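# A structural walkthrough
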Amino acid sequence: MLKPIIVVAVGGNALLQRGEVMSCENQQKSIDQTAGSLAELSKDYRLVVVHGNGPQVGLLSLQNDAYKGCPSYPFDVLGAETQGMIGYLIQQGLNAAIKDRYTTTILTRIVVDENDPAILDPTKFIGPVYTEDQARELAELNNWIVKPDGVHWRRVVPSPSPKEVLEIKAIKDLLEKEHLIICGGGGGAPVVEKGDAYVGFEAVIDKDMTAALIAEEIGAEHLLILTDGTHVCLDWGTPREEKLENISVKEMRGYNFPAGSMGPKVDACCQFVEKTGQNGHIGDLSCALEIIEGRSGTHIQA
């Protein structure tokens, strides 16, 4: 009998701690910690891992812009690059932590609507953090849009909603064979339908919303969003901070969370729970098993 399925969404910021040098070594350290946490879950569940790419795709964009001998690559191509890079690192970490399972990374294309209203109001944070003065100077120099991210400032780009997972059959087929699957990286490479073909679109899809769509499509029992905090909190970072532990979708929908950070995580979990009647969870990168066992994290139910 096949094990139940958990879709695990791992944040790009969780793979690179905020303000940390965006080196391969630092990513590998965080991934090794995550892989150890996921290894425990894999004993009782089939795992599908979706990862973010905000810091990484921003870094690739900066590196592209620094070389003047070639036009910069578009964000759909940079996103595909991060799927390979981060997917490889996670695959290495999972194979070291889990000896008895095949691990497969799937380059995933996600269909979006080129008329999505979200395109006119960019909210997806990418790249490193800056002071306000640095961010505004870089925005002027590079024609960026920048917004506050907590006490820092970062570049933002359009983040349309995911509509269709083009590689969903491959994901389902490999799940039947009990592969550990890494897919939808960075929210997937965004494409739009043009006649009989799909063409790349300049955006970065939110990985949590893509994870929710994949979880719904494959019949997952749980959507687990891992980030760099133990709970969803009201009044985060203030003396009135309050942890949310067990909460209904209706209650959670009554609160507002920042669009570029916790907001999409909450929306993704609520969407998954509403559409499937299953459970959504948000918690710390190192506590995957504790979250599923109810000993940590925020749990959203119907």
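Procedures and definitions
Residues numbered from 1 in each chain as written. Predicted model: local features only at pLDDT ≥ 70, side-chain atom pairs only at ≥ 80, totals over all residues. Heavy atoms only, no water. Helix = DSSP H or I, 4+ residues; strand = E, 2+ residues; numbered from the N terminus. Rg over C-alpha atoms; globule rule 2.2 N^0.38 Å. Contact = heavy atoms within 4.5 Å. Areas by Shrake-Rupley, 256 points an atom, 1.4 Å probe, with all protein chains shown as cover. Lys, Arg positive; Asp, Glu negative; His and termini not counted. Charge placed at Lys NZ, Arg CZ, Asp CG, Glu CD. Buried < 20%, exposed > 50% of the residue type's maximum accessible area, 1.4 Å probe, protein only. Arc of directions from axis to C-beta. Disulfide = S-S within 2.5 Å. 1 Å grid on protein atoms, 1.4 Å probe; cavity = no way out; pocket = protein on both sides within 12 Å on 5 of 7 lines; lining within 4 Å. Points joined across faces, edges and corners; volume = space filled by probe spheres on them. Nonpolar A, V, L, I, M, F, W, Y, C, P; charged D, E, K, R; others polar.

With an unreviewed UniProt entry as reference, the chain is termed Carbamate kinase, source organism Vibrio echinoideorum.

So, about the overall build of the chain. The number of helices and strands found in the chain is 10 helices and 17 strands. The C-alpha radius of gyration computed for the chain amounts to 18 Å, which stays within 12% of the reference 19 Å derived for 302 residues, consistent with globular compactness. For the chain, the spread of C-alpha atoms along the principal axes amounts to about 55 × 50 × 40 Å. Restricting to contacts in the chain with at least 6 residues of sequence separation, those with at least 24 account for 74%. Carbon and sulfur atoms provide 50% of the accessible area of the chain, an area that totals close to 13,900 Å². Of note, the chain has its 27 positive side-chain charges centred 2 Å away from the centre of its 42 negative side-chain charges.

In this section: helix 6 (residues 168–176). Among all positions of helix 6, only Ile168, Ile171, Leu174 and Leu175 are buried. All buried residues of helix 6 fall inside an arc of 130 degrees around its axis, so they share one side. Counted as exposed and oriented over 90 degrees from the buried face of helix 6: Lys169 and Glu176. Residues of helix 6 that are buried sit in contact with strand 1 (5–10), strand 2 (46–51), strand 3 (103–105), strand 8 (164–165), strand 9 (180–182) and helix 7 (207–218). Where helix 6 terminates, the next one or two residues include Glu178, which has phi positive at roughly 60 degrees.

Bringing the environment of Leu226 into the picture now. Mapped onto the fold, Leu226 is located in strand 12 (residues 222–227). On the basis of relative accessible area, Leu226 is assigned to the buried category, the value being 0%. Between the C-alpha atoms of Leu226 and Asp267, which are 41 residues apart in sequence, the distance is 14 Å.

As a further point, take the state of the cysteines. By the definition in use, this model includes zero disulfides. Note on Cys269: no disulfide assigned, nearest cysteine sulfur contributed by Cys270 at a separation of 7.0 Å. Given the relative accessible area of 0%, Cys269 is considered buried. In this structure Cys287 is not part of a disulfide, and its nearest cysteine sulfur, from Cys233, lies 14 Å away. With relative accessibility at 17%, the residue Cys287 sits in the buried group.

A few words now on the layout of surface pockets. Estimates place the volume of the second largest pocket at around 160 Å³. Forming the boundary of the second largest pocket are Ile119, Pro122, Asn142, Asn143, Trp144, Ile145, Arg155, Val156, Val157 and Pro158. Take the lining of the second largest pocket: its biggest share by element is three residues, from strand 7 (residues 152–157). Residues belonging to the lining of the second largest pocket are distributed by class as follows: seven nonpolar, two polar and one charged.

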